[in-house]
Amino acid sequence: MLHFTFESALPIPVEQAKQEIFDKFDINVAGCVRYLENDNQWKADLYSVLELL
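All chains use their own residue numbering, which begins from 1 and follows the written sequence. Predicted model: local features are reported for residues with pLDDT of at least 70 only, side-chain atom pairs are reported and counted for 80 or more only, and whole-chain, interface and lining totals are derived from all residues. Only heavy atoms go into the side-chain values, all of them from the structure, while hydrogens and water stay out.

Student: Explain helix H1 (residues 14-25) to me, and be specific about the residues and the numbers.
Tutor: Each helix corresponds to a stretch of at least 4 residues labelled H or I by DSSP, and each strand to a stretch of at least 2 residues labelled E; elements are numbered beginning at the N terminus. A helix's residues, less one, multiplied by 1.5 Å, set its expected span. Helix length check: H1 (12 residues) gives 16 Å between terminal C-alpha atoms against 16 Å at 1.5 Å per residue, within 8%. Buried residues of H1: Val 14, Ala 17 and Ile 21, and no others. When H1 is viewed along its axis, its buried side chains cluster within an angular range of 35° and face the same direction. In H1, those exposed residues whose orientation departs by more than 90 degrees from the buried face are Glu 15 and Asp 23. Relative accessible area decides the class of each residue, using a 1.4 Å probe on protein chains only: under 20% of the type maximum gives buried, over 50% gives exposed, and in between gives partly exposed. By definition, the arc is the one covered by directions from the helix axis to the C-beta atoms.

Student: Give a detailed account of unusual backbone geometry, specifying residues and quantitative values.
Tutor: You will see that Asp 26, though not glycine, has its phi angle at about 55°, which is positive. Here Asp 26 lies in the loop between H1 and helix H2 (41-51). Exposure remark for Asp 26: the relative accessible area of 60% places this residue in the exposed category. Positive phi, close to 65°, is recorded for Asn 38, a residue that is not glycine.

Below you can see the structure in the form of structure tokens.
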């Protein structure tokens, strides 16, 4: 599972990133997409996020 971190924080699963960004920074994001090299799933995930806009 891919994670990202905020400064001095534990890794956050991409599935929880949207809520974490809101909680920490009061910023609404449309969604978060996990990118893996040699895997095109991110394109479908990004398309799903864009469809909601």
